[in-house]
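Given next are the chains, with one letter for each unit.
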Amino acid sequence: MLLAQPGHGVVQISVLDGFDIGRVVKDLVLPVRRALEAEGGSLTVERAPIELKAQCDAWGTVPPEILAIMTRIKGEFDPAGLLNPGRFVGGL
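Residues numbered from 1 in each chain as written. Predicted model: local features only at pLDDT ≥ 70, side-chain atom pairs only at ≥ 80, totals over all residues. Heavy atoms only, no water.

*Asks:* Looking at this structure, I do not really get the pairing of strand β2 (residues 10–13). What am I missing?
*Replies:* Successive side chains on a regular strand alternate, one facing one side of the sheet and the next facing the other. Bridge count between strand β1 (residues 2–5) and β2: 4 bridges; the pairing is antiparallel. Considered in β2, the bridge of Q5 is made with V10. (Pairing = 2+ DSSP bridges. Helix = DSSP H or I, 4+ residues; strand = E, 2+ residues; numbered from the N terminus.)

This is the structure:
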């Protein structure tokens, strides 16, 4: 299922159970992510089985300057690194 909201550039794609997760990553997530990133966009995997998330980064490529900001914010709100370690953008 595909739901596009062109007014703000959000597209949501739902893949039904029974699809080969490897093919979903190889033939859908990665090519669409590359195309979007080439144009300055992004693709974030909001919800997926752990098997899919193991094959691709849920957040995609994060520019170093943005990752530095997110690292500082994470450090302010979670200085001990206890909240979902490794699950945030850039492995934070």
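*Asks:* Explain the side chain of K74 to me, please; I cannot follow it from the model alone.
*Replies:* Structurally, the position occupied by K74 is in helix α3 (residues 64–77). Classification of K74 as buried rests on a relative accessible area of 17%. Those residues in contact with K74 that lie beyond four places of it in its chain are P79, L83 and L92. (Buried < 20%, exposed > 50% of the residue type's maximum accessible area, 1.4 Å probe, protein only. Contact = heavy atoms within 4.5 Å.)

*Asks:* Just to check I follow, could you spell out a nonpolar patch on the surface for this structure?
*Replies:* A cluster of nonpolar side chains, namely L2, V11, I13, V15, L16 and F19, defines an oily patch on the protein surface of about 600 Å² accessible area. Considering the arrangement of structural elements, one finds I13 in strand β2. (Patch = residues over 30% accessible without salt bridge, like charges linked within 9 Å, V, L, I, M, F, W, Y side chains within 5 Å. Areas by Shrake-Rupley, 256 points an atom, 1.4 Å probe, with all protein chains shown as cover. Salt bridge = Lys/Arg side-chain N within 4 Å of Asp/Glu carboxyl O.)

Just distances and angles here, no functional claims.
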